[in-house]
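Take a look at the letters that make up each chain.
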Amino acid sequence: MNHKFISAATLALSMCAASVMAQVDFPNKPITIVIPYSSGGVSDAIGRGIAQKLSQDLKTQVLVDNKAGGNTLIGTTHVAKSNPDGYTLLLTAEATLTLNPLIYAKLPYDVEKNFAPIVAIAQVPQSLVINSKLGIANYQDFVAYAKKNAGKVSYATLGVGSTAHLNFEMFQRTVGLSMHDIPFKGASVAINDLIGGHVDAMIVSTGLIAAHSKSGNLRALATAGNKRSALLPDVPTFKEVGVSNFYPSSWFALLAPAGTPQEVLQKLNLSVNKILKDDALKASLFDKFSLETMGGSSESLRALIRSDTERMVPVVKDLSIKLD
């Protein structure tokens, strides 16, 4: 009898059994979604909304753990080093996956080697918003003010190389402005300081500032998109104010540590795609924050990460952004 054949057959059967077991048994304990940002921002809202629906769909507790700091490095590295069993996931914005690899000389994780894409969740259109205390009424007046006070006007970022930073840098170069940046650890903190008059401007998720703009605490000057935001119908688009080649947006995705069983990744992908079609979640989360749902396969997310990374290479090189 061929013992090599028996060993190979036994191994194949064992792998098959393990595959079925993973499919049947997952999940059998709580899942944690790590968000590498502080609470209160869009990422937190998305994470908690997805976690609640996942809990219902997978019939297990899904927790959210905010691990902010280090320009998302702390939370992201934690997940990269976690067991690849599907019980520790990462929900993050594209900068973690596309920009950090370009700006850090020594990144403690490798997107390709340390992560398994699950699904793209949502795209987040952005708006240019300013401190109401400036007394500026519209986009044209702000640009004129910023040019007159070159180097003196400030804008908020979420750290060097963050989407908020690069969006504003690209905006400045497009329009011909020279402003200085003030970094914050989270969008909610930055918005509070914007309202308080400690910083002058920011490009941020439309959903986060819509209520403040309507109340007069902040003034939105322009929004991203081919049409006006339903949240701010009185605010013109960048195209309307004459900036047709500028579309600031961000997107969020769910990933697992590399090595997570394919059956687990597939189950999570199918569940999230199902959740993204939920009318109740659409009304309470996506419409509220002016988010555009994405979804799709894990491979389409992998392709998105690669294409956006390639798109940002010349921008990062032009700005000479490099961190240790």
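Rules behind the numbers
Along each chain, numbering runs from 1 in the same order as the chain's sequence is written. For this predicted model, a pLDDT threshold of at least 70 governs which residues receive local features, and a threshold of 80 or more governs which side-chain atom pairs are given and counted, while totals over whole chains, interfaces and linings are taken from all residues. To obtain the side-chain values, all non-hydrogen atoms of the structure were included, while hydrogens and water were left out. Strands here mean DSSP runs of E at least two residues long; helices mean DSSP runs of H or I at least four residues long; both are numbered from the N terminus. To sort residues, take the accessible area from a 1.4 Å probe on protein chains only and compare it with the maximum for the residue type: under 20% means buried, over 50% means exposed, and anything in between is partly exposed. Asp and Glu count as negative and Lys and Arg as positive, but His and the ends of the chain are not part of the count. Here, a salt bridge means any Lys or Arg side-chain nitrogen found within 4 Å of an Asp or Glu carboxyl oxygen. Two N or O atoms form a polar contact when they lie within 3.5 Å of each other; inside protein one atom must be a possible hydrogen donor and the other a possible acceptor, and for residues adjacent in sequence the pair counts only when both atoms belong to side chains. Note on contacts: a residue pair qualifies if any of its non-hydrogen atoms lie within 4.5 Å across the two residues. Confidence of the predictor at the level of single residues is captured by pLDDT, which takes values from 0 to 100. To form a nonpolar core, buried Ala, Val, Leu, Ile, Met, Phe, Trp, Tyr and Cys residues must be joined to one another through side-chain atoms within 4.5 Å. Only the six-membered ring of Trp is used, alongside the rings of Phe and Tyr, when aromatic pairs are assigned; centres must lie within 6.5 Å, and planes under 30 degrees apart are stacked while those over 60 apart are edge-to-face, with the rest tilted.

Here we come to unusual backbone geometry. Excluding glycine, most residues fall at negative phi; most peptide bonds, likewise, are trans. For the bond running from F26 to P27, omega is -5 degrees, close enough to zero to count as cis. The phi dihedral of K59 falls on the positive side, at around 55 degrees, and the residue is not glycine. By secondary structure assignment, the location of K59 is in the loop between α2 (42-58) and β2 (62-66). One non-glycine residue, N71, lies in the positive phi region at around 55 degrees. Locating N71 in the fold gives a position in the loop between β2 and α3 (73-80). Overall, N71 belongs to the buried group, its relative accessible area being 18%.

Position of D200 relative to the elements: it lies in the loop between α9 (187-195) and β7 (201-205). Despite its burial, D200 pairs with no opposite charge; the closest candidate is K133, at 10 Å N-O. From its side chain, D200 meets the backbone nitrogen of S154 in a polar contact 2.9 Å long. Sequence-distant contacts of D200, that is, excluding residues within four places in its chain, are made with V129, I130, N131, L134, K152, V153, S154 and L194.

In this model, the chain carries a mean pLDDT of 89, and residues with pLDDT of at least 70 account for 93%. Element-level pLDDT for the chain is lowest in helix α1 (residues 3-25), with a mean of 49, against a maximum mean of 98 in strand β1 (residues 31-35).

This part covers α3. Among the eight residues of α3, six are classified as buried, and the element is accordingly described as predominantly covered. Three or more residues of α3 are buried, namely L73, G75, T76, T77, V79 and A80.

In terms of nonpolar packing, the biggest core is built from 55 residues, with I33, I121, L254 and L291 touching the most fellow members. Top element by residues in this core is strand β4 (residues 115-131). It accounts for seven residues. Those residues in contact with I33, other than ones at most four positions away along the chain, are G47, A51, L54, V62, L63, V64, D65, L89, L91 and L254.

The next point concerns the packing of aromatic side chains. For the structure shown, the criterion picks out eight aromatic pairs. Aromatic pair F168 and F171: ring centres 5.5 Å apart, planes at 80 degrees, arrangement edge-to-face. Here F171 and F168 lie together in helix α8 (residues 163-175), a separation of three residues that amounts to about one turn. The class of F171 is buried, set by a relative accessible area of 0%.

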